[in-house]
Amino acid sequence: MQKTIINTILAAALGVACASANATVKVGFMLPYSGTYAKLGEAIENGFKLYVAEQGGKLAGQDIEYFKVDDESDPSKATENANRLIKRDQVDILVGTVHSGVALALAKAAKESDTTLIIPNAGADAITGPLCSKEVFRTSFTNWQPGYAMGQVAHEKGYKTAITITWNYAAGKEATDGFKEGFEKLGGKVVKRLMLPFPKVEFQSLLTEIAAEKPDAVFTFFAGGGAVKFVKDYADAGLGKTIPLLGSGFLTDGTLEAQGAAAQGLLTTLHYADGLDNPKDKAFRADYTKTYPDIAPDVYAVQGYDAAQLLATGLNAVKGDASKKDAMRGAMQGATIDSPRGTFKLSKAGNPIQDIYLREVQGLKNQVIGVAAKALADPARGCKL
Ligand code: BEZ
């Protein structure tokens, strides 16, 4: 009898030991690995994995097992792609994505399945606005943040009128809404809002409209491959010399080599920049460059890196047990992230409260030249947490 009890205790102890030796945290990347945002997805994954590597390949003592889905920046496939990770692979944590339209569906799937989601880019305002939820965190920005800050800068530069031009989907609409709000609050006027479908890059007729209208400035949201083409077309149309082009910083992040001379001198606003001169950024850049010698660190890599830092904070609080969701999420919500962009905390809605830098393209750098908005919090309109 006594022997049986001892055997049972031993077996249970061994079982526990085996389970903890084999324990892994399953992380599902839902990112674009093809199309106009492919490079952005790659940089996010690089940044995330860099942080994990810096911790010796484990977070809170657990191995990390990765699962990947290429979301193609296609909202029509988003629910199916999310369910591949949630239902088929049964991941503990979702990390995604870049495109706001895809992220809206991903956030819904995360909420419905009670899966923790860290958004390492997509800025869709609604996700940390009316759709905010305890399952969803963001290490990036809302589309409103850089746009609003640039609206204020445009006013300070003395511009009275502006035209906005962007893709017709959530990110473009919300970035230009943010610009309009910041600009018009101070007396400016957005006289025309031009849009074309995502991810189209046939800008000619719209550039002709801008030339005819002659606003004081143009504000734009484009990113990735589309941003490269837009900046070149703007310069080729001769507009660069007459009508200043302003942008959310995605216009020139990760794109400068391809944009070349056309980008020189452009002003943009973003939560990351070259020349920040803080020890965390210096260490991050040195490590990133050593690990990925052919790729320059950019905002997307920082957002991926910080997604891993946020996850580490949550996992540390539950000693690596990702099934303790409430405690893990509580720790993530209260986290202070020592980011290469500068330290930040999350708002109640789960979005970074952060400085928005004013940057100028100088050579291959988005050089910081000031702070356009200090500790800017998204208004999180409609969030009821
Ligand atoms: C977005 O869709 O939210 C987005 C895409 C690329 C860069 C920034 C934002």
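Structure: see above.
Being a predicted model, the structure only gives us computed values, none of them experimental.

## Quick word on the packing of aromatic side chains
So, step 1. Counted according to the given criterion, the structure contains 22 aromatic pairs.
So, step 2. Between F284 and Y288, the ring centres sit 5.6 Å apart and the planes meet at 40 degrees, which makes this aromatic pair tilted. With F284 and Y288 both in helix α10 (residues 279–291), this residue pair falls four residues apart, about one helical turn.
So, step 3. On the basis of relative accessibility, which here comes to 0%, the residue Y288 falls in the buried class.
So, step 4. By the ring-pair criterion, three or more aromatic residues cluster together here, those being Y37, W167, Y169, F198, F203, F222, F230 and Y234.
So, step 5. A cation over an aromatic ring shows up here: K49 above the ring of Y66, its NZ or CZ 4.6 Å from the ring centre.

## Concerning the site of the ligand
So, step 1. For the ligand, the set of nearby residues contains 16 residues, the closest of which are V98, H99, S100, G123 and Y169.
So, step 2. Here an oxygen atom of the ligand and a backbone polar atom of V98 are 3.3 Å apart.
So, step 3. Contact with the protein chains hides 100% of the accessible area of the ligand, taken as 260 Å² for the molecule alone.
So, step 4. Tallied by class, residues from the shell around the ligand come to 11 nonpolar, five polar and no charged.
So, step 5. Mapping the shell around the ligand onto the domain boundaries places at least three of its residues in each of domain 1 (2–141 + 277–350) and domain 2 (144–270 + 358–376).

## Quick word on the pairing of strand β15 (residues 365–376)
So, step 1. Here strand β14 (residues 352–362) runs beside β15; their pairing, made up of eight bridges, is antiparallel. Among the inter-strand pairings, E360 is bridged to a residue of β15, identified as Q367.
So, step 2. Two successive antiparallel strands, β14 and β15, enclose a turn made up of two residues, where G363 displays a positive phi of approximately 60 degrees.

## Points about the state of the cysteines
So, step 1. Under the counting rule described, the total for this entry stands at one disulfide.
So, step 2. There is a disulfide in this structure between C132 and C383, and the S-S distance comes to 2.2 Å. With the S-S bond torsion at 90 degrees, the cross-link from C132 to C383 turns out right-handed. Pair noted here: C132 is in the loop between β5 (116–119) and β6 (136–138) and C383 is in the segment after β15, with a separation of 251 residues, a long-range link.

## As for the packing of helix α2 (residues 38–54) against helix α11 (residues 299–317)
So, step 1. Packing of α2 against α11 leaves a shortest axis separation of 6 Å and a crossing angle of 40 degrees. Judged by the angle between their axes, α2 and α11 are oblique. In the packing of α2 onto α11, the handedness of the crossing is right-handed. On α11, the residues that touch L40, A43, I44, G47, F48, L50, Y51, V52 and E54 of α2 are Y300, A301, G304, Y305, A307, A308, Q309, L311 and A312.
So, step 2. Its residues assigned to classes, the contact of α2 with α11 comprises 14 nonpolar, three polar and one charged.

## Let's talk about the sheet that holds strand β2 (residues 58–59)
So, step 1. On the basis of which strands lie adjacent, the open sheet formed by six strands has the order β2-β3-β1-β4-β5-β6 and mixed pairing. Here the strands that pair on one side only, and so sit at the sheet edges, are β2 and β6.
So, step 2. Pairing of strand β1 (residues 24–31) with strand β4 (residues 93–96), which is carried by four bridges, proceeds in the parallel orientation. The partner of F29 across the bridge, within β4, is V95.

Definitions and limits used
Residues numbered from 1 in each chain as written. Predicted model: local features only at pLDDT ≥ 70, side-chain atom pairs only at ≥ 80, totals over all residues. Heavy atoms only, no water. Phe/Tyr/Trp six-rings, centres within 6.5 Å; stacked < 30°, edge-to-face > 60°. Helix = DSSP H or I, 4+ residues; strand = E, 2+ residues; numbered from the N terminus. Buried < 20%, exposed > 50% of the residue type's maximum accessible area, 1.4 Å probe, protein only. Lys NZ or Arg CZ within 6 Å of the ring centre and 35° of its normal. Near = heavy atom within 4 Å. Polar contact = N/O pair within 3.5 Å; in protein donor to acceptor, adjacent residues only side chain to side chain. Areas by Shrake-Rupley, 256 points an atom, 1.4 Å probe, with all protein chains shown as cover. Nonpolar A, V, L, I, M, F, W, Y, C, P; charged D, E, K, R; others polar. Domains from an automatic or database assignment. Pairing = 2+ DSSP bridges. Disulfide = S-S within 2.5 Å. Axes fitted to C-alpha atoms, helices over the stretch in contact; angles between N-to-C directions. Parallel < 35°, antiparallel > 145°, perpendicular 65-115°, else oblique. Left-handed = near helix turned anticlockwise from the far one by under 90°. Contact = heavy atoms within 4.5 Å.

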